[in-house]
Amino acid sequence: MAASGQVANFRLPPLPTIGEIIKLFRLRAVKHLSQNFLLDLRLTDKIVRHAGNLKDVYVCEVGPGPGGITRSILNADVAKLLLVEKDARFIPGLQMLSEAAPGKVHIVQGNILTYRLERSFPKHLQKKWEDDPPNIHIIGNLPFIVSTPLIVKWLENVSMRDGPFIYGRTPMTLTFQKEVAERLIASTGTRQRSRLSIMSQYLCHVHKCFTIPGQAFIPKPEVDVTLVRFTPLVQPKIEQPFKLVEKVVQSAFQFRRKYCHHGLGILFPEAVRLEKTKQLLMTADVDPTLCPAQLSIFNFKNLCDVYRKMCDEDPNLFAYNFREELREKKLNRKKPSHCDEDNQL
Ligand code: SAM
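Quick caveat: nothing in here was measured; it's all calculated off a predicted structure. (Residues numbered from 1 in each chain as written. Predicted model: local features only at pLDDT ≥ 70, side-chain atom pairs only at ≥ 80, totals over all residues. Heavy atoms only, no water.)

Re the UniProt feature "binding site: S-adenosyl-L-methionine" (unreviewed entry) in the protein chain
Here is step 1 of the chain: Here, the residues flagged by UniProt with the feature "binding site: S-adenosyl-L-methionine" (unreviewed entry) are Asn36, Leu38, Gly63, Glu85 and Asn141. Checked against the lining of the largest pocket, the annotated residues reduce to Asn36, Leu38, Gly63, Glu85 and Asn141.
Here is step 2 of the chain: Given the relative accessible area of 5%, leucine 38 is considered buried.
Here is step 3 of the chain: Other than its neighbours up to four places away in sequence, leucine 38 contacts Ile18, Leu43, Thr44, Ile47, Gly68, Ile69, Asn141, Ala216 and Phe217. (UniProt positions renumbered as here; feature names shortened; annotations may be inferred. 1 Å grid on protein atoms, 1.4 Å probe; cavity = no way out; pocket = protein on both sides within 12 Å on 5 of 7 lines; lining within 4 Å. Buried < 20%, exposed > 50% of the residue type's maximum accessible area, 1.4 Å probe, protein only. Contact = heavy atoms within 4.5 Å.)

Next comes the structure, spelled out in structure tokens:
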């Protein structure tokens, strides 16, 4: 049976087990690349099943490592499989898989953070944004150190409809440290609600698939891992530039335990902070005594729309940086005043 539960026409021939591949190529996990491997093919099949029916789909796998998930993807009878792996030691093992699935696998030794996925699939796969997702899927048991910057980068790509989303609403099935996954899916008012919750949910339908206990990995990480599936929304819930949304959301969550007006206040220079924060909150119809975690996406939409208008009216406002103002204030406090210099003379 295919990973989707449908009959697959393709099956990999008998191969050494993942454990044997690890021994054969001496693939000792290295910490700085967040290497934790999955050896149990029932589990890798389960991960791939959660990506949906992959028969004839063009798939990109991030960080295939010794190739457990790679085998499950190939057994799902995909059209083509692009593998992006940073660590050169894994390439010979992946080549062995490639030979077992002739013409299907393309291996790239590279960094997924800089690799240009917009050039990786045939043009004919491109769909209109409003259409169903294209016949493309991104899958990965992501390295922990890369997962948050990568998803933020890809969310920005979703908002711009570029990168892997030049083909349309490309779905992604990716693992995260359990705590990060909980933030990605957190609803309004929960403890895990954070910047990542808003940034992911205003652009995508975000679905928690299942949690994999740390013991399932070799070596065992200190945390559990959760598989999350993202499908970009036809209509983003906030229709403002990504960087503007990011600035509003980051500011709002700056002081997590305080009322939201504290964080939102840092969007404005000190001299006008009180007045402008009041104007922002009143016009956006947001209660200033809510905590950041209690703000809904609709609240953020209104805040972003009003902040955008304020930025249009004051062209210097978007460039204002709270931290820079603080730094300058500190520096000015340290500098001796002219009077002091005069006195010393
Ligand atoms: N997919 C394999 C599995 O499930 O057993 C390995 C997963 S391991 C958590 C993460 C993999 O990503 C490793 O193979 C690591 O070398 C690779 N990796 C780390 N940083 C990367 C990057 N920036 N770009 C591409 N691959 C990366």
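That covers the picture; the talk isn't over yet.
A closer look at unusual backbone geometry
Here is step 1 of the chain: Of note, the amide linkage connecting isoleucine 218 to proline 219 takes the cis form, showing an omega dihedral of -15 degrees.
Here is step 2 of the chain: Assignment of secondary structure puts proline 219 in the loop between strand 8 (217–218) and strand 9 (225–232).
Here is step 3 of the chain: A positive phi is found at arginine 161, a non-glycine position, where the angle reads about 55 degrees.
Here is step 4 of the chain: By relative accessible area, arginine 161 is classed as partly exposed at 38%.
Here is step 5 of the chain: For aspartate 285, which is not glycine, the phi torsion reads 60 degrees and is therefore positive.
Here is step 6 of the chain: Among the secondary structure elements, aspartate 285 is positioned in the loop between helix 10 (273–283) and helix 11 (297–313). (Helix = DSSP H or I, 4+ residues; strand = E, 2+ residues; numbered from the N terminus.)

With respect to the site of the ligand
Here is step 1 of the chain: Looking at the ligand, there are 22 residues lining it, with Gln35, Gly63, Glu85, Asn111 and Asn141 nearest.
Here is step 2 of the chain: In the environment of the ligand, a nitrogen atom lies 3.3 Å from a nitrogen or oxygen atom belonging to the backbone of proline 64.
Here is step 3 of the chain: Here a nitrogen atom of the ligand and a backbone polar atom of lysine 86 are 3.3 Å apart.
Here is step 4 of the chain: Judged by the proximity of its atoms to the pocket grid, the ligand belongs to the largest pocket.
Here is step 5 of the chain: Residue assignment for the shell around the ligand shows that the elements contributing at least two residues are strand 1 (37–38) and strand 3 (80–85).
Here is step 6 of the chain: Grouping the constituent residues of the shell around the ligand by class yields ten nonpolar, eight polar and four charged. (Near = heavy atom within 4 Å. Polar contact = N/O pair within 3.5 Å; in protein donor to acceptor, adjacent residues only side chain to side chain. Sits in = over half its atoms within 2 Å of the grid points. Nonpolar A, V, L, I, M, F, W, Y, C, P; charged D, E, K, R; others polar.)

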